[in-house]
Amino acid sequence: MKLKVITSNPGKVAEYQKSFDDLGIVMEHTKVPYDEIQTSELEEVVAKGLEELRSEGLSNFIIDDSGLFVDALGGFPGVYSAYVQKTLGNKGVLKQMEGITDRRAQFKCCIGCDIDGETIIVTGTCDGEILFEEKGTEGFGYDPIFTPDGEKSFAEIDIEKKNEISHRGNAVKLFREKLIEGGFLK
């Protein structure tokens, strides 16, 4: 089976491919623009994205939306994480966190998939903390400032380990279960 991964981020495609190699699923990087509605829920963003892409005749594809939800900032940047990453970056988020001792945060990833008109939507999470400085060179986005274990950032963890514990990794596990249980792997 081949699934198009609709994203501008090739890092996501690599993570997906490693997670689905054993099932014989090939992930194809595809860039197709679609509107991301402004709402507080990742699931709503993904559902509307699926609907729009289907209306354009696309099938057999995956989209996802991820967000970093920081407790002390009232869940910000949340669904605005991509915009905040582009405009403020990690340094800007760290600046917002200056003087804040409660560093708890959660990454969330909602995956939406169309397989021959059938819909799968799952959400995975990863609890952790915001570091006081950027650490590491691997990964992308907020990886250098988020730690799942209080020690190493996502940017310091190899991709296999990250896929085991990350929000996207946890969403992928749920997605794999739905694919297998739903009989999609024929």
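In the block above lies the structure referred to throughout.
So, how was this worked out
Residues numbered from 1 in each chain as written. Predicted model: local features only at pLDDT ≥ 70, side-chain atom pairs only at ≥ 80, totals over all residues. Heavy atoms only, no water. Salt bridge = Lys/Arg side-chain N within 4 Å of Asp/Glu carboxyl O. Helix = DSSP H or I, 4+ residues; strand = E, 2+ residues; numbered from the N terminus. Buried < 20%, exposed > 50% of the residue type's maximum accessible area, 1.4 Å probe, protein only. 1 Å grid on protein atoms, 1.4 Å probe; cavity = no way out; pocket = protein on both sides within 12 Å on 5 of 7 lines; lining within 4 Å. Points joined across faces, edges and corners; volume = space filled by probe spheres on them. Nonpolar A, V, L, I, M, F, W, Y, C, P; charged D, E, K, R; others polar. Expected span 1.5 Å × (residues − 1). Contact = heavy atoms within 4.5 Å. Pairing = 2+ DSSP bridges.

Draft legend 1. The arrangement of the pattern of salt bridges in detail. Scanning all chains against the criterion turns up 12 salt bridges. Ionic pairing is found between Lys12 and Asp64, a salt bridge with its closest N-O pair at 2.7 Å. With a gap of 52 residues between them, Lys12 in helix α1 (residues 10-20) and Asp64 in strand β3 (residues 61-70) connect regions that are remote in the sequence. Take Lys12 and Asp64: they sit in the same class, and that class is buried. Where Lys95 meets Glu98, a salt bridge forms, and the shortest distance between an N and an O atom there is 3.7 Å. For Glu98, a relative accessible area of 54% corresponds to the exposed category.

Draft legend 2. Just the layout of surface pockets, in detail. When its volume is computed, the largest pocket comes out at roughly 960 Å³. Lining the largest pocket are 38 residues, with Ser8, Lys12, Glu36, Asp65 and Ala82 positioned closest to its centre. Of all the elements in the fold, those that place two or more residues in the lining of the largest pocket are β1 (2-6), α1, β3, α3 (81-87) and α6 (167-181). Among the residues forming the lining of the largest pocket, the class breakdown is 17 nonpolar, 11 polar and 10 charged.

Draft legend 3. Just α6, in detail. Relative to the 21 Å expected for 15 residues at 1.5 Å per residue, α6 spans 21 Å between its end C-alpha atoms, a close match to the ideal helical length. All of the buried residues in α6 are His167, Arg168, Gly169, Ala171, Val172, Phe175, Arg176 and Leu179. In this fold, the buried residues of α6 make contact with α1, β3, β5 (104-115), β6 (118-130) and α5 (159-165). Two residues or fewer after α6 comes Gly183, characterised by a positive phi angle close to 70°.

Draft legend 4. Representation of the pairing of β5. For β5, the tally of buried residues reaches 10 of 12 residues, placing the bulk of the element in the interior. Relative to β5, β3 is paired through 10 bridges, and the arrangement is antiparallel. Residue Ile63 lies in a different strand from β5, and its bridge partner there is Gly112. In this structure, β5 lies alongside β6, joined through 12 bridges in antiparallel fashion. Its bridge partner lying in β6, Lys108 is registered against Thr125. Once β5 ends, the chain turns through two residues before running back antiparallel as β6, passing Asp116 with a positive phi of about 50°.

Draft legend 5. A look at the environment of Ile159. Mapped onto the elements, Ile159 comes out in helix α5. Through-space distance from the C-alpha of Ile159 to that of Ile37 is 30 Å; in sequence the pair is 122 residues apart. Apart from the residues lying within four places of it in its own chain, the contact partners of Ile159 are Glu15 and Lys18.

Draft legend 6. Representation of the pairing of β3 in the model. In terms of burial, β3 is largely enclosed, as 10 of its 10 residues are buried. Residues Phe61, Ile63, Asp65, Gly67 and Phe69 point to one face of β3 and Ile62, Asp64, Ser66, Leu68 and Val70 to the other, with burial holding for every one of them. Where β1 meets β3, two bridges bridge the pair, whose relative direction is parallel. Bridged to Lys4 within β3 is Phe61. Pairing between β3 and strand β4 (residues 77-78): two bridges, direction antiparallel.

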